Amino acid sequence: MYGEEPIILDLKEAERKEAGQYNLGEEWRDLAKEEIMIAKNAAEALGAYCTSDSSFPRVTFLGTSSATPSKYRNVSGYLFETSSSSAFLVDVGEATYGQLRVLLDDATCDELMLNLHAIFITHAHQDHMNGLYTVIEKRRDAFKMRGLPYRRLVLVCNKNVMKPLRTYTHCFEDLERYVEVVDLATSSGGPSHQPPERKNSPPSSPKKVKFDHNHAPSPTTVELLPKIPSEYSDGQTWGLEGVKAVQVHHTRMANGFVFRTLCGKKVVFSGDTKPCDLLVEHGMDADLLIHEATFEDGHEQDAFRKKHSTMGQAVEIAEKMRAKHCILTHFSARYPKVPPLPSYLDDKKIGLAMDGLRVGFDRLSLVPLMTPIYRHVYRDELFECELKKCQKDLKKNRQEI
């Protein structure tokens, strides 16, 4: 183990000696500047055709790591905005609210909490839901600080998400009363008839949602808006024509989500999944596909065993779906800063998500232009990724011999 680091350093030095240069810092910086100028010029050219309304829908990546966070990537969380007054969260990994505070000032963050209509959780793994409690609390506080009557937060999830929420309620504070649950397993919402509430106060009694454990197996797709009580969902206010949950290949009750906005855009979140033809079918001709790419190419067996996708498999799904834009996310924590960046990402104009990436529809074409910049900025990390891959291939070849 102690011998690996000197080998890496020696190979880096050998590469530089072979190039006849011992200090490549200036050269790399110049190359990075060139790529940045290309992206900047494209952004300026694009800006001439954009209006303030064309930036919506807008997606903000609050966490792009799988399973565990690193110093540079938080676990899964995505902010999806259909307008300046309508927002949704898709998955809420731990520190999701903290990521919002990093990106937004206090007043903007409070305003966002007021405009947050619903949270869609793809499945019950902790890296996709542990930030739920803080978001509920902060949203409640935002209504209280403004002196506004509280409006329940719609929580779209399966019954396994509710188990830890009930545990939290039992041990710390009753948060169930602040949410209106739509159970994906039965595709039916909780009770829609509630006793009158006093102005400026939260619900007067805990919100109890009954899950039908004897219900038939969950359907492969569910249209969600009709399942949400009308007092909490308004397609016009939400900016949505429809939302569909699509069962994917991960846990038994894992789902992806297909959003259709009133402005005619289709946005697909894969959640965690192996390549899924059902998602392709219902996401066909998507304007934006956000797909997990947990493993690098060459780890197909690991991806199959753990029910995830490789980068190449995610790109193949985007092509089958005929998605106009695709951004990859949910990278293994073995790549704390950046995953390997194969050349086909440039050829196919596939984008790569970083924490804090905030992109409107009028800027989606710029995201793939960031990949060459990443190659320069993270050249050492990418070199080590390639070295580890070569070492693994060498070990495999020796075993076969």
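Here we summarise the structure given alongside this text.

Bringing the overall build of the chain into the picture now. In terms of helices and strands, the chain carries 13 helices and 15 strands. Counting the 401 residues in the chain, one finds 51% classified as buried. Partitioning the contacts of the chain with sequence separation of at least 6, the portion at a separation of at least 24 is 66%. Taken as a whole, the chain presents about 19,500 Å² of accessible surface, with 52% of it coming from carbon and sulfur.

Pairing is mixed across the open sheet formed by 7 strands, whose spatial order is β8-β9-β10-β11-β12-β13-β14. The open sheet has two free edges, formed respectively by β8 (221-223) and β14 (351-352), since each of these has just one partner strand. As judged from the 3 bridges shared by strand β11 (residues 266-269) and strand β12 (residues 288-292), these two strands associate in the parallel manner. The residue bridging V267 from the neighbouring strand is L288, located in β12.

Looking now at the packing of aromatic side chains. Summed over all chains, the structure comprises 16 aromatic pairs. Look at F80 and F269: their rings are 6.0 Å apart centre to centre, the planes differ by 75°, and that puts the pair in the edge-to-face class. Here F80 is found in strand β2 (residues 77-83), whereas its partner F269 is found in strand β11, with 189 residues between them in sequence. Each member of the pair, F80 as well as F269, carries the same accessibility label: buried. For the ring pair Y374 and Y378, a centre distance of 6.3 Å and an interplane angle of 50° mean the geometry is tilted. Of the aromatic side chains, those joined through ring pairs into one cluster are F61, Y78, F80, F88, F120, W238, F257, F259 and F269. Over the aromatic face of Y178 sits the side chain of R177, whose NZ or CZ is 6.0 Å from the ring centroid.

Of note, the bond from F56 into P57 is cis; its omega dihedral lies within 30 degrees of zero at 0°. With respect to the helices, strands and loops of the structure, P57 is situated in the loop between α2 (25-47) and β1 (58-63). Within the chain, A67 stands out as a residue other than glycine whose phi angle is a positive 70°. Tracing the backbone through its elements, the reader meets A67 in the loop between β1 and β2.

Time to look at the nonpolar core. Of all hydrophobic cores here, the largest spans 35 residues; its most connected members are I119, I121, L132, L155 and L165. At the level of secondary structure, the elements contributing two or more residues to this core comprise β3 (86-92), α3 (96-103), α4 (106-115), β4 (116-120), α5 (132-146), β5 (153-157), α6 (159-171) and β6 (179-183). Broken down by element, this core gets its largest block of residues, 6 residues, from α5. The residues contacting I119, other than those within four sequence positions of it, are L89, V92, L132, V135, L153, V154, L155 and V156. L225, F257, I290 and V367 belong to the second-largest nonpolar core, a separate cluster that totals 33 residues.

Before going further, it helps to examine the environment of L104. Relative to the helices and strands, L104 resides in the loop between α3 and α4. With near-sequence residues (within four places) excluded, L104 lies in contact with C109, L112 and R358.

Along the chain, R73 falls in the loop between β1 and β2. D355 provides the closest opposite charge to the buried, unpaired R73, separated from it by 4.6 Å. Within polar-contact distance, the side chain of R73 engages the backbone oxygen of A353 at 3.1 Å.

Rules used in this analysis
- Residue numbers here run from 1 along each chain, matching the order of that chain's written sequence.
- Only residues with pLDDT of 70 or above have their local features reported here, since the model is predicted, and side-chain atom pairs are shown and tallied only from 80 upward, although totals for entire chains, interfaces and linings are computed over all residues.
- The basis for the side-chain values is all heavy atoms of the structure; hydrogens and waters are excluded.
- In DSSP terms, a helix is any run of H or I states spanning at least four residues, a strand is any run of E spanning at least two, and both are numbered starting from the N terminus.
- Residue exposure (1.4 Å probe, protein chains only): buried if accessible area is under 20% of the type maximum, exposed if over 50%, otherwise partly exposed.
- We call two residues in contact whenever any of their non-hydrogen atoms come within 4.5 Å of each other.
- Working definition of accessibility: Shrake-Rupley area with a 1.4 Å probe, residue cover restricted to the visible protein chains.
- When DSSP locates at least two bridges between a pair of strands, those strands are taken to pair.
- In this analysis, rings of Phe, Tyr and Trp, with Trp reduced to its six-membered ring, are considered paired at centre separations within 6.5 Å, and the interplanar angle assigns stacked below 30 degrees, edge-to-face beyond 60, and tilted for intermediate values.
- Only Lys NZ and Arg CZ are tested; either one counts as a charge over a ring when it is within 6 Å of the ring centre and within 35 degrees of the ring normal.
- Here, the term nonpolar core denotes a set of buried Ala, Val, Leu, Ile, Met, Phe, Trp, Tyr and Cys residues that are joined through side-chain atoms within 4.5 Å.
- Residues counted as positive are Lys and Arg, residues counted as negative are Asp and Glu, and His and the chain ends are not counted.
- Within this document, salt bridges are pairs made up of a side-chain nitrogen of Lys or Arg and a carboxyl oxygen of Asp or Glu, the two lying within 4 Å of each other.
- Residues adjacent in sequence count toward polar contacts only when both atoms are side-chain atoms; beyond that, a polar contact is any pair of N or O atoms within 3.5 Å, and within protein one must be able to donate a hydrogen and the other to accept it.

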